[in-house]
Amino acid sequence: MTAAPWAFTTDDHWTAIVAVCGYRDQQWALEIQKAGKGDKRQRLMQARDADIAQWHILAVLIARKLGIPTIEREELTGIGRPPNPTDQEGWLAIVATARRALDRAADNDHLPIYRQIYLIWRWAHLYVHVWAIPALHLRAANIEQRKAA
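Calculation rules
Residues numbered from 1 in each chain as written. Predicted model: local features only at pLDDT ≥ 70, side-chain atom pairs only at ≥ 80, totals over all residues. Heavy atoms only, no water. Phe/Tyr/Trp six-rings, centres within 6.5 Å; stacked < 30°, edge-to-face > 60°. Helix = DSSP H or I, 4+ residues; strand = E, 2+ residues; numbered from the N terminus. Buried < 20%, exposed > 50% of the residue type's maximum accessible area, 1.4 Å probe, protein only. Salt bridge = Lys/Arg side-chain N within 4 Å of Asp/Glu carboxyl O. Contact = heavy atoms within 4.5 Å.

**Student:** Any chance you could explain the packing of aromatic side chains here in plain terms?
**Tutor:** For any pair of aromatic rings, the description rests on two quantities: the centre-to-centre distance and the angle between the ring planes. All chains considered together, the criterion is met by four aromatic pairs. Taken together, a centroid distance of 5.8 Å and an interplanar angle of 40° make the contact between Tyr118 and Trp121 tilted. With Tyr118 and Trp121 both in helix H5 (residues 111–148), this residue pair falls three residues apart, about one helical turn. In this structure Tyr118 comes out as partly exposed when scored by relative accessible area, which is 33%.

**Student:** Is there a simple way to explain the pattern of salt bridges in this structure?
**Tutor:** Two side chains that carry opposite charge are able to pair once their charged atoms sit near each other. On inspection of all chains with the given rule, the structure shows five salt bridges. Ionic pairing is found between Arg24 and Asp51, a salt bridge with its closest N-O pair at 2.9 Å. Highlighted residues: Arg24 in helix H1 (residues 11–35) and Asp51 in helix H2 (residues 39–66), separated in sequence by 27 residues. On the basis of relative accessibility, which here comes to 9%, the residue Arg24 falls in the buried class. For the salt bridge of Arg48 with Asp25, the shortest nitrogen-to-oxygen distance reads 2.5 Å. Of this pair, Arg48 sits in helix H2 while Asp25 sits in helix H1, and the two are 23 residues apart along the sequence.

**Student:** Sorry, what's going on with the side chain of Thr97 here?
**Tutor:** Looking at the secondary structure, you find Thr97 in helix H4 (residues 88–107). Overall, Thr97 belongs to the buried group, its relative accessible area being 6%. Those residues in contact with Thr97 that lie beyond four places of it in its chain are Asp51, Gln54 and Trp55.

In structure tokens form, the structure reads like this:
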């Protein structure tokens, strides 16, 4: 494993994730409000929960790397901590979520939020591909070695 995540995590990343989480929450609230009552509202609420969980995982990772106090982090993510993905597909889904948000912001000409999302997407991409996925493979190899021994 090459660069450690704390080597490329800055306060700008925390500022960006706070802005993006707030923006995403507002956008979802508007969509849910427009949906009214019924099945569509329930589907949107479930999609919102899944989407926000991905962003909260990123927020927790960034907060841990920067040493952000738990109380400050919980103001953003709520009490508790969303579980980290346990497989490669889960980690890649986080990057894909950020990429979809980046593409949507570009399509809608939301330049300020585009810059924030780009910073987070780039961080997530590096974190996942340089650190998280190789760590998963290393853990799997260590487990196999223990079983073989």
